[in-house]
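Summary of structural features
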Amino acid sequence: ETGVTQSPTHLIKTRGQQVTLRCSSQSGHNTVSWYQQALGQGPQFIFQYYREEENGRGNFPPRFSGLQFPNYSSELNVNALELDDSALYLCASSLEVGRAGEQFFGPGTRLTVL
Amino acid sequence: DAKTTQPPSMDCAEGRAANLPCNHSTISGNEYVYWYRQIHSQGPQYIIHGLKNNETNEMASLIITEDRKSSTLILPHATLRDTAVYYCIVRVEESGGSNYKLTFGKGTLLTVNP
């Protein structure tokens, strides 16, 4: 069974640029969530996708957007990057929305915005 | 979701039991207690969860007080690899419901010493 994978592992961008982060869910999981983790803080929920539809969103502006594909893989897109967007971005998959307390996290993508 | 309070850090000797406390005095009757941990530079890892009965799995035991206002995660024989940030999370668990996110605090940094 393949776990959650994310790409790239590290990324450096400059302010104002756009970035796309990718996530492959654990086999059989139909729900994917994205989290942002700033240094020294716990992960903060960005949004969740279930069967290709956004199923909930945290307190993040619209320039954070996402997609989920038929194979349940997912993308996180961030436009107009700001310095404060520098963080570890985590993807987590789970088997069923509403029973998503047990989430399986990937290793994350470390984004640095200069 | 109910707010949780955890000590910022704890130490434990290798081979001894690690007892990590969590206060959740405003927990509601339908909220579960979840524990995750995050080893440095990795994504969070699910450990265990429970509603009101004590739970045990291959990783840990979860003891929830009778009034459910606090809980303790027990690692029975801590090893150096258990050094991590441990997060206590309370959330409603419902099938097909709208509670889709995990709300992380800052957690407890457990350091296991040789």
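The structure this text deals with has already been given above.
Residues numbered from 1 in each chain as written. Chains lettered and ligands numbered in written order. Predicted model: local features only at pLDDT ≥ 70, side-chain atom pairs only at ≥ 80, totals over all residues. Heavy atoms only, no water.

The next point concerns the overall build of chain B. Counting secondary structure elements, chain B contains zero helices and nine strands. Relative to the compact-globule value of 13 Å for 114 residues, chain B shows a C-alpha radius of gyration of 14 Å, a close match. Dimensions along the principal axes, computed over C-alpha positions, put chain B at roughly 45 × 30 × 25 Å. Here chain B, with 114 residues, has 45% of them falling under the buried criterion. A sequence separation of at least 24 residues applies to 59% of the contacts in chain B between residues at least 6 apart. With an accessible surface of roughly 5800 Å², chain B has 48% of that area assigned to carbon and sulfur atoms. Each charge sign in chain B was given a centre, from 10 positive and 11 negative side chains, and these centres are 5 Å apart. (Helix = DSSP H or I, 4+ residues; strand = E, 2+ residues; numbered from the N terminus. Rg over C-alpha atoms; globule rule 2.2 N^0.38 Å. Buried < 20%, exposed > 50% of the residue type's maximum accessible area, 1.4 Å probe, protein only. Contact = heavy atoms within 4.5 Å. Areas by Shrake-Rupley, 256 points an atom, 1.4 Å probe, with all protein chains shown as cover. Lys, Arg positive; Asp, Glu negative; His and termini not counted. Charge placed at Lys NZ, Arg CZ, Asp CG, Glu CD.)

Right, let's get into the environment of Tyr36 of chain B. Locating Tyr36 of chain B in the fold gives a position in strand 3 (residues 31-38). Remark: the alpha-carbon pair of Tyr36 of chain B and Ser61 of chain B, spanning 25 residues in sequence, is separated by 13 Å. Separated by 2.7 Å, the side chain of Tyr36 of chain B and the backbone nitrogen of Gln103 of chain A make a polar contact. (Polar contact = N/O pair within 3.5 Å; in protein donor to acceptor, adjacent residues only side chain to side chain.)

With that settled, consider the state of the cysteines. All names here are of chain B. All chains considered together, the criterion is met by two disulfides over all chains. Here Cys22 is linked by a disulfide to Cys88, with a sulfur-sulfur distance of 2.1 Å. Across the S-S bond linking Cys22 and Cys88, the dihedral sits near -80 degrees, which makes this disulfide left-handed. Linking Cys22 in strand 2 (residues 18-23) with Cys88 in strand 8 (residues 84-92), this pair joins segments that are 66 residues apart in sequence. A single burial state applies to Cys22 and to Cys88, both of which are buried. Between Cys12, a cysteine without a disulfide, and Cys22, which holds the nearest cysteine sulfur, the sulfur-to-sulfur distance is 18 Å. (Disulfide = S-S within 2.5 Å.)

One key point about sheets: their strands pair by backbone hydrogen bonds, in either a parallel or an antiparallel sense. Residues and elements named next belong to chain B. Pairing is mixed in the open sheet, where five strands are placed in the order 1-9-8-3-4. Both outer strands of the open sheet, strand 1 (9-13) and strand 4 (45-50), are each paired with one neighbouring strand and no more. Across the sheet, the mean angle separating the axes of adjacent strands is 25 degrees when strand polarity is ignored. Summarising the sheet, strand 3 and strand 4 pair through five bridges and their orientation is antiparallel. Bridge pairing in strand 4 places Tyr36 opposite Tyr46. (Pairing = 2+ DSSP bridges. Axes fitted to C-alpha atoms, helices over the stretch in contact; angles between N-to-C directions.)

The tally for this structure, following the rule as stated, stands at eleven aromatic pairs over all chains. Summarising the aromatic geometry, the rings of Tyr35 of chain A and Phe45 of chain A are spaced 5.7 Å apart at their centres and angled 70 degrees between planes, so their arrangement reads as edge-to-face. With a gap of ten residues between them, Tyr35 of chain A in strand 4 (residues 31-37) and Phe45 of chain A in strand 5 (residues 44-50) connect regions that are remote in the sequence. Here Tyr35 of chain A matches Phe45 of chain A in class, with each residue buried. Between Phe47 of chain A and Tyr49 of chain A, the ring centres sit 5.4 Å apart and the planes meet at 85 degrees, which makes this aromatic pair edge-to-face. Its relative accessible area of 0% is what places Phe47 of chain A among the buried residues. Judged by its relative accessible area of 7%, Tyr49 of chain A is buried. Ring-pair connections join several aromatic residues into one group, and the members of that group are Tyr35, Phe45 and Phe105 of chain A together with Tyr34, Tyr36, Tyr46, Tyr87 and Phe104 of chain B. Arg91 of chain B extends its terminal NZ or CZ atom over the ring of Tyr34 of chain B, reaching a point 5.9 Å from the ring centre. (Phe/Tyr/Trp six-rings, centres within 6.5 Å; stacked < 30°, edge-to-face > 60°. Lys NZ or Arg CZ within 6 Å of the ring centre and 35° of its normal.)

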